[in-house]
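Survey of secondary and tertiary structure
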Amino acid sequence: MVCHDGNWAPGLGISRREVLTGTVALGAIGSGRPSYADETQRPATALRQDNQVSKSMTLYIGTPTSRVDGRAKVTGEAKYAGEFNTSGLAYSSVVESTIPKGRIVRIDTSDALRVEGVLDVLTHENRPRMAGTDQAWKDDVAPEEGSPFRPLYDDKIMFSGQPIALVLAEEWEIARYAASLVRVEYEKQAFVTDLYQQRDQAFVVKKPDKPHGDAGRAFAAAAVRHEAEYFIPTEHHNPMELFASTAVWDGDDKLTVYDKTQGVQNVQRYLCSVFNKKSDDLRVISPYVGGAFGAGLRPQYEAVLAVLGALALERSVRLVLTRRQMYGLGHRPATIERLALGAKADGTLDAVTHEAIAVTSQFEDFSRNDTGWAALLYKSANAKYVHRLARLDVPTSCDMRAPGAAPGVYALESAMDELAVALKIDPVELRLRCYSDRDQNEGVPYTSKQLRECYRQGAVAFGWDKRSAEPRSMRDGSELVGWGMATGVWEALQMPAAARIVLTANGHAEVSCAASDIGTGTYTILAQVAADMLGLPIENISIKLGDSSLPQAPVEGGSWMAASASHAVATTAQEVRGELLALAKAMKGSPLADAKFEDTMLADGKVVSKQDASRAVSITDAMRHGAVDRIEKEKTNSFPDDSSHARNTHSAVFAEVKVDEQLGVIRVTRVVSATAAGRILNTKTAHSQIMGGVVWGIGMALHEETVFDHRFGRIMNANIAEYHVPVNADVQDIKVVFVDEPDTIINPLGIKGLGEIGIVGVAAAIANAVYHATGKRVRDLPITLDKLQRST
Amino acid sequence: MINFQYARANDVADAVRMIATDPTAKFIAGGTNLIDLMKEDVERPSGLIDISRLPLKGVEETSDGGVRIGALVPNSDLAWHPLIEQRYPLLRNAILAGASQQLRNMASTGGNLLQRTRCAYFYDIATPCNKREPGSGCSAIGGINRIHAILGTSESCIATHPSDMCVALAALDAKVHVTGPAGERVLAFTDFHRLPDSSPQTDTNLHPNELITAVELPAKGFPANYSYLKIRDRLSYAFALVSIAAAMELEGGTIGEARLALGGVAHKPWRDSAAESALRGQPANQTTFEQAADILLRDARGYEHNTFKIDLARRGIVRTLTQAAQATPQSQSDKKIR
Ligand SMILES: Cc1cc2nc3c(=O)[nH]c(=O)nc-3n(C[C@H](O)[C@H](O)[C@H](O)COP(=O)(O)OP(=O)(O)OC[C@H]3O[C@@H](n4cnc5c(N)ncnc54)[C@H](O)[C@@H]3O)c2cc1C
Ligand code: SF4
């Protein structure tokens, strides 16, 4: 175990003090416990018991539990990748290419090397050895096709902002200064960074959507048609925490790498493969992540370069990227989306065509499902989906919150709004008329789908019935008022994950898993699940995450971590219960002597019979009698391999905008997001997730855009002063409604996950509201006031 | 970012002496602009002369009924100073429209005047820019120029001055007090900033070896009829696409003295005496305001992405003059435009 600063352990797990915060909040919430209209939605723990035994027993699942790591975060006790200290740490700074394509002819580091305090300057010419095959550079979530980017590998320049040298120095300031002295001579090559220039060269990629019927012919014959193209610009994640890596040299060629990542084990396998290391010799730790949103799913170059530096110096090295350099990482690809919808006069759909052209790099084929969402939402006898990729001289695009869906559903739901206008049918009504109870791609029903309720409850919460249909018909003084709505849909995936539980006889349990908590609340929900499953107070649970040496976990993404890790913990807790029961049975005159495993549960610190609460043995007694002071179990979750159901989360988003009629200034004054996402583990962290998604949706609709100058192939707003995201003034009234969605099929706890659903549909709801307010349809995001001035 | 020397000046004379001995050094006040530019290698001063502790932090009444503002008064202190709140609410509102609370806490009065353009090419040393590197060319002409100027541009540069505070100071006929090796001088605010002409590298008529010591406001503050309207890409914390400072005296429904200044449209806060003359003596109504707007914008010229600013400015001028005339100044906290 590495312990350079002497106190990393509290930062990794949850110290008792932090857990107490959770308890205080819980106590305060006690009386305000949500009431459940439908008993099936009661936050019971399905894996555990059917009939409640002890009324006094605390059930944490489903309650608005405060973050167990909240205190560590606000006090600065929580440490991030760039904050781990060690003696003899060297600092580094990256030199980036200023051209988007070409070759490095000469790289002169002599001036940099002359600066006092500079230890070395690494380039492709003098760096330590790295793997030479594409396979070795493929991380767990790399696109199937292509050659992953290799930093400092050779003289090839593939995008502007590419790292081409690493300056290593005694101080960060020295490294940064010396980096400015590295002189590079390039051989420039022709390049392209404009999607519109390259759209005709785009090539088709295979997607899981299953076209059916003849959408072209049905469209031509349809009574009412809508056809349009929509555009989503390149967007960058801009997490608050800068990408950083501290590679600690442990001697003997061993390294501990503190990295900002959404998957420590992915980074660990990748670095071992790139640097040809045994898995015991390189460990990756990332206890806290200051936002990542998909940018940290694949290992980023800072981890490779920090390790390169450490290997070159045989010394610990830190690399923290600058904000500008973060624009040289992945991004949400710019995408052109074309929709053609044909309907009967009654609003039922005959034809859906959704075609997307998204950006990828010259060297990898990254694509996500932009198209095909219509097949999940709307019945149509004919459907056609085509996804194309256009190659540009930019870094490979990557996942960003609800990849594919955020842009694809924006386009689909804008088009549905336009169709509703053409049909003169209320937008909610149109969606209900087309409502599909089946996933038409796979031809299967859903494990659960409460989208109708989302529409209904969202509309009620918003007051939709007071909407006057005509554009420009609602006002508030000098402002035009617009009400728009859209549907959101996302996947409810689950992945293999394992958890280890160590229970000690004093009734404390340590739960560990390699999962990352990227700010979503994984520490907290796992503490809740463990507490309920082990029948212990939450303050007796400590959670350890974000360490590659812990039990296996997938990368934290795709909204699958809550379901996956919770079930790993629940499954392992069952093993613990099995062992406790065996110990309890072995006691002389045990009240549980003839109890069967399935008839028992853990509650109030005891093994209890479900039939008769008086038949119980305390965990402590059972372990003491058996002379066992710790029970350690590790299990992997397992989910039924069920291809007969589709698994999705849904939402209905309603937005109000007010637009100054003369000046075009847009304010999003209200948003209601009614979300159905299975069992909500923690109504507080879940609320934050959806609210954050809505805020991002506001940004997507009105603010976000990475601006390129295609003459230079460079990003011209690579900083967060000029790359706009919403600020407080842009975020007004957001209401989150969770629609009850019992799901007994998807998994034992009925969990779906909701990290991404919050953003899907928001941009469309706002764009539709802007149309309703102004009568102007802006089909290229973001909707800035100058676009409202355009004549069309 | 380069390595640099750091020294602290103890008094005004000290500061002026220090800059005279090292002309490649720069004063640093709040550092909110200079440090950013140094991080991007746009500014590479050999040394920083810290003036933040100079005794230039007073806001005092002058003998002729005006107010003298020390060059180191933080923007927030100035906005919330009772003299400014009561007598120059236009200035207060313009300051509060700018940046964020944190930045306004750090930013100084003198530094605000000397903040540099937000033109993206100026900030990116991998691209040509006449302002940063004279003679290298202007990338914004023919490039991304959505935020750029529509008035007073030149073939060399179409950048804007990004300040909000300065728009109000221009409208209020402020004066800038400076001290250099040759002693003190006073510049009219409208003469302080320059147009780009063929030397866009020079933003102002301040000499490189001069220190701003104070900004002085004349007695006339237009506390009754004024408004500052800032139109931007999000509701707060964004630079102006167009901003308008309007102030007037009204007798009955007739305009007496009138001031109109625009931000975000030129290399300096834009004032036009002809537009103001068109307001004076006229009824305070829509027609008058439209005429003034047309006069002010008569020579406006758009580029590929910023043509929208011309119409936006016209509408904004009319709106702001209306707000001023009706004594319903734009609130800087409620983002609804009045
Ligand atoms: C993200 C961001 C958003 C912003 N948004 C806005 C906005 O919306 N509206 C707005 O108006 N401003 C905005 N600003 C700019 C801000 O107002 C300026 O950065 C600030 O006013 C500069 O003051 P300072 O004291 O920090 O100057 P410094 O950075 O210390 O100095 C700036 C320049 O002035 C020189 N200097 C400073 N004081 C003197 C003096 N007394 N005599 C001679 N030279 C001097 C320095 O040498 C330097 O060249 C924003 C800034 C940032 C970073
Ligand atoms: S507008 Fe001015 S600042 Fe911008 S690139 Fe041109 S010369 Fe440089």
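Calculation criteria
Residues numbered from 1 in each chain as written. Chains lettered and ligands numbered in written order. Predicted model: local features only at pLDDT ≥ 70, side-chain atom pairs only at ≥ 80, totals over all residues. Heavy atoms only, no water. Helix = DSSP H or I, 4+ residues; strand = E, 2+ residues; numbered from the N terminus. Rg over C-alpha atoms; globule rule 2.2 N^0.38 Å. Buried < 20%, exposed > 50% of the residue type's maximum accessible area, 1.4 Å probe, protein only. Contact = heavy atoms within 4.5 Å. Areas by Shrake-Rupley, 256 points an atom, 1.4 Å probe, with all protein chains shown as cover. Lys, Arg positive; Asp, Glu negative; His and termini not counted. Charge placed at Lys NZ, Arg CZ, Asp CG, Glu CD. Near = heavy atom within 4 Å. Polar contact = N/O pair within 3.5 Å; in protein donor to acceptor, adjacent residues only side chain to side chain. Nonpolar A, V, L, I, M, F, W, Y, C, P; charged D, E, K, R; others polar. Domains from an automatic or database assignment. Expected span 1.5 Å × (residues − 1). Buried area = accessible area lost by both parts, 1.4 Å probe. Pairing = 2+ DSSP bridges. pLDDT = per-residue confidence, 0-100. Arc of directions from axis to C-beta. Salt bridge = Lys/Arg side-chain N within 4 Å of Asp/Glu carboxyl O. Core = buried A, V, L, I, M, F, W, Y, C linked by side-chain atoms within 4.5 Å. Axes fitted to C-alpha atoms, helices over the stretch in contact; angles between N-to-C directions. Parallel < 35°, antiparallel > 145°, perpendicular 65-115°, else oblique. Left-handed = near helix turned anticlockwise from the far one by under 90°.

1. A few points about the overall build of chain B
The number of helices and strands found in chain B is 13 helices and 12 strands. A compact globule built from 338 residues should have a C-alpha radius of gyration of about 20 Å, and chain B, at 19 Å, falls within 12% of that. Based on the C-alpha atoms only, the size of chain B along its principal axes is roughly 60 × 50 × 35 Å. Within chain B, the proportion of its 338 residues that are buried is 60%. Within chain B, contacts between residues at least 6 apart in sequence are counted, and of these 63% link residues at least 24 apart. Roughly 12,700 Å² of accessible area belongs to chain B as shown, and the carbon and sulfur atoms make up 50% of that amount.

2. What about the overall build of chain A?
Per the secondary structure count, chain A includes 21 helices and 31 strands. With the C-alpha coordinates of chain A rotated into their principal frame, the extents come out at 85 × 75 × 50 Å. Sorting the 792 residues of chain A into buried and exposed places 65% on the buried side. Counted over contacts in chain A with a minimum sequence separation of 6, partners at least 24 positions apart contribute 81%. Carbon and sulfur atoms make up 49% of the accessible area of chain A, which amounts to about 27,500 Å² in all. If the 87 positive side-chain charges of chain A are averaged to one point and the 99 negative ones to another, these points end up 3 Å apart.

3. Concerning the site of ligand 1
The environment of ligand 1 is made up of 34 residues, and the closest members are Phe27, Gly31, Thr32, Ser108 and Asp164 of chain B. Residues close to ligand 1 are split across chains A and B. In the model, an oxygen atom of ligand 1 is placed 2.7 Å from a nitrogen or oxygen of the Thr32 of chain B side chain. Gln115 of chain B places a side-chain nitrogen or oxygen 3.3 Å from a nitrogen atom of ligand 1. Taken by itself ligand 1 offers 970 Å² of open surface, and the protein chains cover 95% of this. Counting residues per element, the shell around ligand 1 draws most heavily on helix α7 (residues 109-114) of chain B, which supplies 4 residues. Of the residues belonging to the shell around ligand 1, the class tally is 17 nonpolar, 12 polar and 5 charged. Composition of the shell around ligand 1 by domain shows at least three residues from each of domain 1 (5-52) and domain 2 (226-325) of chain B.

4. A look at helix α16 (residues 522-534) of chain A
Residues and elements named next belong to chain A. If you check α16, its first and last C-alpha atoms are 18 Å apart, about what 13 residues at 1.5 Å a residue would give, namely 18 Å. Burial analysis of α16 places 13 of its 13 residues in the buried class, the great majority of the element. Of the residues flanking the end of α16, it is Gly535, one or two places downstream, whose phi is positive at about 65°.

5. What about the interface of chain A and chain B?
Opposite the 37 residues of chain A that make contact, chain B presents 42 residues. Between chain A and chain B, a total of about 3,400 Å² is buried, with carbon and sulfur atoms accounting for 56% of that surface. It is Leu663, Met716 and Gln789 of chain A in chain A that bury the most area against chain B; as a group they hold 17% of the surface buried on that side. Summed over the shared surface of chain A and chain B, the result is 16 residue pairs in polar contact (both at pLDDT 80 or more).

6. Some remarks on the sheet that holds strand β2 (residues 102-108) of chain A
Residues and elements named next belong to chain A. Spatially, β4-β2-β6 is the arrangement adopted by the 3 strands of the open sheet, whose pairing is antiparallel. Each edge of the sheet is formed by a strand with only one pairing partner; in this case those strands are β4 (156-157) and β6 (183-188). Alignment of β2 against β6, held across 6 bridges, turns out to be antiparallel. Across the sheet, Arg106 pairs through a bridge with Glu185, a residue of β6.

7. Digging into the domain arrangement of chain B
Taken domain by domain, chain B holds domain 1 (5-52) and domain 2 (226-325). Of note, the centres of domain 1 of chain B and domain 2 of chain B, computed from C-alpha atoms alone, are 36 Å apart.

8. Structural notes on the confidence of the model for chain B
Low-pLDDT portions of the prediction should not be read for the details of their coordinates. Averaged over every residue, the pLDDT of chain B is 97; the share at 70 or more is 100%. Quick note on the complex model: pTM equals 0.94, ipTM equals 0.97.

9. Some remarks on the environment of Thr636 of chain A
Residues and elements named next belong to chain A. Positionally, Thr636 belongs in strand β26 (residues 630-636). Expressed as a C-alpha distance, the spacing of Thr636 and Ala674, which sit 38 residues apart in the sequence, is 33 Å. Among all residues touching Thr636, those that are not within four sequence positions of it are Ala497, Ala498, Gln552 and Thr571.

10. Structural notes on helix α14 (residues 427-434) of chain A
All names here are of chain A. Restricting attention to buried positions, one finds in α14 the residues Pro427, Val428, Leu430, Arg431 and Cys434. Seen along its axis, α14 keeps its buried residues to an arc of 160°; they face one direction. Of the residues flanking the start of α14, the one acting as N-cap is Asp426, its side-chain oxygen 2.9 Å from the backbone nitrogen of Val428.

11. Quick word on the confidence of the model for chain A
For chain A, per-residue confidence averages 92 on the pLDDT scale, and 93% of positions sit at 70 or higher. Note on residues 1-58 of chain A: pLDDT is under 50 here. Beyond four places in sequence and across chains, it has 129 contacts.

12. Observations regarding the site of ligand 2
In the neighbourhood of ligand 2, 14 residues make up the surrounding shell, with Cys119, Cys129, Cys138, Cys157 and Ile158 of chain B lying closest. Classifying every residue of the shell around ligand 2 by side-chain character gives 9 nonpolar, 4 polar and 1 charged.

13. Re the domain arrangement of chain A
Residue and element names in this part refer to chain A. What the domain assignment lists for chain A is domain 1 (12-72 + 496-637), domain 2 (81-190 + 237-326) and domain 3 (417-493 + 644-790). Between domain 1 and domain 2 lies a buried interface of about 1,400 Å² when both sides are counted; carbon and sulfur atoms form 52% of it. Contact with domain 2 buries area across many residues of domain 1, yet Ile518, Ser548 and Val555 alone supply 40% of it, more than any other trio. Joining domain 1 to domain 2, the criterion identifies 1 salt bridge. The residue Asp547 makes a salt bridge to Arg283 at a minimum N-O spacing of 2.4 Å. Run the count over domain 1 and domain 2 and you get 9 residue pairs in polar contact (both at pLDDT 80 or more). A class-by-class count of the residues in the side of domain 1 that touches domain 2 yields 10 nonpolar, 8 polar and 5 charged.

14. Here's the deal with the nonpolar core
When a protein is soluble and globular, its nonpolar side chains tend to lie buried together. Residue and element names in this part refer to chain A. Of all hydrophobic cores here, the largest spans 103 residues; its most connected members are Leu271 and Ile541. No other element matches the 13 residues that helix α17 (residues 561-585) contributes to this core. Setting aside residues up to four positions removed in sequence, Leu271 forms contacts with Val257, Asn276, Leu282, Val284, Ala303, Val304 and Val307. If you look at the next biggest cluster of nonpolar residues, it comprises 96 residues, including Ala459, Val694, Ile759 and Val760.

15. Structural notes on the packing of α16 of chain A against α17 of chain A
All names here are of chain A. At a closest axis distance of 9 Å, the pairing of α16 and α17 adopts a crossing angle of 30°. With respect to each other, α16 and α17 are oriented roughly parallel. The interaxial crossing formed by α16 with α17 has right-handed handedness. Along its contact with α16, which presents Thr522, Ile525, Leu526, Val529, Ala530, Met533 and Leu534, the element α17 presents Met561, Ala562, Ala565, Ser566, Val569, Ala570, Ala573 and Val576. Split into classes, the residues belonging to the contact of α16 with α17 amount to 13 nonpolar, 2 polar and no charged.

16. Quick word on the pattern of salt bridges
Per the stated rule, a full pass over the model turns up 80 salt bridges over all chains. Note that Asp393 of chain A and Lys101 of chain A form a salt bridge whose closest N and O atoms lie 3.2 Å from each other. Separated by 292 residues along the polypeptide, Asp393 of chain A in the loop between β15 (380-391) and α13 (405-423) and Lys101 of chain A in the loop between β1 (90-96) and β2 bring together distant segments of the chain. When its relative accessible area of 2% is taken as the criterion, Asp393 of chain A is described as buried. Among the charged side chains, a network of salt bridges with common partners joins Asp173, Glu257, Arg259, Arg271, Glu276 and Arg280 of chain B.

17. Digging into the sheet that holds strand β20 (residues 498-504) of chain A
All names here are of chain A. Taken in spatial order, the 4 strands line up as β22-β21-β20-β26 in an open sheet, and their pairing is mixed. Both edges of this open sheet fall to β22 (541-544) and β26, since each of them pairs with a single strand only. The average angle at which neighbouring strand axes cross in this sheet is 15°, direction not considered. In this sheet, β22 lies alongside strand β21 (residues 508-512) in parallel orientation, the contact comprising 4 bridges. By the bridge assignment for β22, Ala509 is matched with Ile541.

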